[in-house]
Every structure is written in structure tokens, then in C-alpha cells.
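The residues making up each chain are set out below.
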Amino acid sequence: MDKTLIVLGVLVLAGIGLTAAMVVTSPAQGSPNAVPPAPGNPVHPNDPTVMQNDKLTMAKQFVMDDATFQFDGMADTVIAALDEGTGIATIEFTSRTAGYGNRSGMIVAEVLTAHKAAIKISGNQVVSAVMDEKWDMLTQKEIA
């Protein structure tokens, strides 16, 4: 029990630190490309900051809607970042048990498990989604 609390405490502190770092280095703050929306036009289609934020939001929602996260993902552990060069969003979170997908009715190890998903979005569609380099989130199957 004490080890579980220590691990959880470390994960929470790491999440807080990474979240704070992301807020400080967010491209939308102080970015020369960040244009405030005009009244009646909330999205500027040529603003790369808006497009990047939309992709990051879409990737985060995709992960949070996925069966692995839905089964036992911990919402307060979600950390999201977008690599502007590759366009790949990295979404990290912790779940309460080991494994992937919907594990209802299965025997699962009750251990906090860190997950890292790489989400590639093209246009408005997720074209690739891989968790921990071993689980295809689009097909809900282990990668061979």
C-alpha cells in the first residue's frame, strides 16, 4: 500500500511539473503567429497556432474516448503535447490496471500503469494511433 501511494505521488508530481512546463512554453502564449479571433469569426484558418491546438485537442479526445482509457484511465494524469515538426501528438496518462482495451471480465493486474500514445492527425482525421509502441488503437489489436 505504501509503495502504491509513493508511486502515485511521484506520478502526480511529475504530471504537475510537465503540465506547468507545457503552459510556460505553450506556442499560443506570446507567439507571433497567435492572432486573437475576430468578433464573429472564432477560428482563423491560416493561423498555425489554432490548427495545432485543434490537432492537440482532437488527439487528446481520441485517447480519452479509447477503450483503454475508458476502462480505467485516470483523467487527472493526462498530459498532451504536439511535435510541430512531425505533427504527432503525444498523450500520456496513467491507468489503474495493466493491459489495453476493454478488459471487462478479464483478470487484470491492479497496478498503476503509465501509457504513452502517439497520435497522427491528417486533416480532421486520426490516421495513426499507437499506444506504448505495442497497441494499435485504431484496430484495438496488439502490434505484431
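These figures come from a predicted structure and were not determined experimentally. (Residues numbered from 1 in each chain as written. Predicted model: local features only at pLDDT ≥ 70, side-chain atom pairs only at ≥ 80, totals over all residues. Heavy atoms only, no water.)

### Regarding the pattern of salt bridges
If charged atoms from side chains of opposite charge come close, those side chains can pair. Taken as a whole, this structure holds one salt bridge when the rule is applied. The partner of D72 in a salt bridge is R103, and the shortest N-O contact between them spans 3.1 Å. Of this pair, D72 sits in helix α3 (residues 67-72) while R103 sits in the loop between β2 (88-95) and β3 (113-122); the two residues are 31 residues apart in sequence, bridging distant segments of the chain. Judged on exposure class, the residue D72 and its partner R103 are both buried. (Salt bridge = Lys/Arg side-chain N within 4 Å of Asp/Glu carboxyl O. Helix = DSSP H or I, 4+ residues; strand = E, 2+ residues; numbered from the N terminus. Buried < 20%, exposed > 50% of the residue type's maximum accessible area, 1.4 Å probe, protein only.)

### Considerations on the pairing of β2
Relative to β2, strand β1 (residues 73-83) runs antiparallel, the two sharing seven bridges. Directly across from A81, in β2, lies its bridge partner T90. Looking at chain direction, β2 and β3 are connected through eight bridges and run antiparallel. Bridge pairing in β3 places E92 opposite K116. (Pairing = 2+ DSSP bridges.)

### Quick look at the nonpolar core
Considering soluble globular proteins, one finds that nonpolar side chains tend to be buried as a cluster. Judged by nonpolar contacts, the single largest core of 18 residues is most densely connected at V63, I91, I119 and M137. Looking at this core, the elements that each hand over two or more residues are α2 (48-65), β1, β2, β3 and β4 (125-131). Here this core takes four residues from α2, the largest share from any one element. Those residues in contact with I119, other than ones at most four positions away along the chain, are A59, F62, V63, G87, I88, A89, I91, V126, S128, A129 and M137. (Core = buried A, V, L, I, M, F, W, Y, C linked by side-chain atoms within 4.5 Å. Contact = heavy atoms within 4.5 Å.)

### A few points about the packing of aromatic side chains
For the coordinates displayed, the defined rule picks out two aromatic pairs. For the pair F69 and F93, a centre-to-centre distance of 5.0 Å together with 75 degrees between the ring planes defines the contact as edge-to-face. Separated by 24 residues along the polypeptide, F69 in helix α3 and F93 in strand β2 bring together distant segments of the chain. Here F69 falls in the buried class, since its relative accessible area comes to 7%. On the basis of relative accessible area, F93 is assigned to the buried category, the value being 3%. (Phe/Tyr/Trp six-rings, centres within 6.5 Å; stacked < 30°, edge-to-face > 60°.)

### A short note on the sheet that holds β3
To summarise the sheet geometry, strands pair through backbone hydrogen bonds and adopt either a parallel or an antiparallel arrangement. Taking strand neighbours across the sheet as the criterion, the six strands line up as β1-β2-β3-β4-β5-β6 in an open arrangement whose pairing is antiparallel. Whereas interior strands pair on both sides, the edge strands pair on one side only; in this sheet they are β1 and β6 (141-142). As paired strands, strand β5 (residues 135-136) and β6 are joined by two bridges and run antiparallel to one another. Within β6, the position partnered with D136 by the bridge is K141.

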